[in-house]
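Residue-level structure breakdown
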Amino acid sequence: NAGVTQTPKFQVLKTGQSMTLQCAQDMNHEYMSWYRQDPGMGLRLIHYSVGAGITDQGEVPNGYNVSRSTTEDFPLRLLSAAPSQTSVYFCASSPTDNQPQHFGDGTRLSIL
Amino acid sequence: EDQVTQSPEALRLQEGESSSLNCSYTVSGLRGLFWYRQDPGKGPEFLFTLYSAGEEKEKERLKATLTKKESFLHITAPKPEDSATYLCAVHPRGNFNKFYFGSGTKLNVKP
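Residues numbered from 1 in each chain as written. Chains lettered and ligands numbered in written order. Predicted model: local features only at pLDDT ≥ 70, side-chain atom pairs only at ≥ 80, totals over all residues. Heavy atoms only, no water.

**Side note on the nonpolar core**
Leu33, Trp35, Leu73 and Tyr86 of chain B are the most contacted members of the largest nonpolar core, which totals 24 residues. Those elements giving two or more residues to this core turn out to be strand 2 (10–14), strand 3 (19–26), strand 4 (30–38), strand 5 (45–50), strand 7 (62–66), strand 8 (70–75), strand 9 (84–92) and strand 11 (105–110) of chain B. Tallying contributions element by element places strand 9 of chain B first for this core, with 4 residues. Within the second largest apolar cluster, 18 residues are counted, among which are Trp34, Tyr64, Val66 and Leu109 of chain A. (Core = buried A, V, L, I, M, F, W, Y, C linked by side-chain atoms within 4.5 Å. Buried < 20%, exposed > 50% of the residue type's maximum accessible area, 1.4 Å probe, protein only. Helix = DSSP H or I, 4+ residues; strand = E, 2+ residues; numbered from the N terminus.)

Next up, the structure:
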């Protein structure tokens, strides 16, 4: 089982560029989420989805967009990259919202 | 405001030296509290879920407990392979579908 797969693993962008972080899960989970992890601040929820076609904002949504057209995929879009978005991004999924989440291995993103 | 605080930030133990990690939380009702282990360069890996005060879960050298204000992760006779960062997360009632993570405790077990 692949679990949760994130691509790319590393990325360097220039300020103002846009990009999409990919996340796919093969466990047929309804709940998916995106977090960013910064030193000393723990994981912070960016956006989440409770099923295909349904998304909502988390704690730190500004500068990011999401969509969920299928159960398997939940891409995260950076609209216009800023240095403050330098972070490690994790995607996670779970069968429902109050069950343990399965995490991918992250995308390490640097904005110059 | 929902908040999760973990202590200590870092903990160094000798192999076999037991200790406890703390996760204190202030939320408007608790749906669940989750413990995860995170190794360098990897995503968090699930350990335990606790749903109500008084509940306990055990797995090998780890035991998680829950009260109305905090959770403890007890590590008995740790081994070097237990070295990792341990994260706790809370799922509050009323804050539908949102999880709040603590900043973690980095555990280093020396042989």
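Okay, back to it.
**Some remarks on the interface of chain A and chain B**
Listed by partner, the interface residues are 23 residues for chain A and 22 residues for chain B. A combined buried area of about 1800 Å² lies between chain A and chain B, and 51% of that area is made up of carbon and sulfur atoms. Here chain A and chain B share 1 salt bridge between them. Taking the shortest distance from any N to any O, the salt bridge between aspartate 105 of chain A and lysine 42 of chain B comes out at 3.7 Å. The tally of links between chain A and chain B comes to 7 residue pairs in polar contact (both at pLDDT 80 or more). Broken down by secondary-structure element, the contributors of at least two residues to the side of chain A that touches chain B are strand 4 (31–38) and strand 5 (42–51) of chain A. Split by residue class, the side of chain A that touches chain B holds 10 nonpolar, 9 polar and 4 charged. (Contact = heavy atoms within 4.5 Å. Buried area = accessible area lost by both parts, 1.4 Å probe. Salt bridge = Lys/Arg side-chain N within 4 Å of Asp/Glu carboxyl O. Polar contact = N/O pair within 3.5 Å; in protein donor to acceptor, adjacent residues only side chain to side chain. Nonpolar A, V, L, I, M, F, W, Y, C, P; charged D, E, K, R; others polar.)

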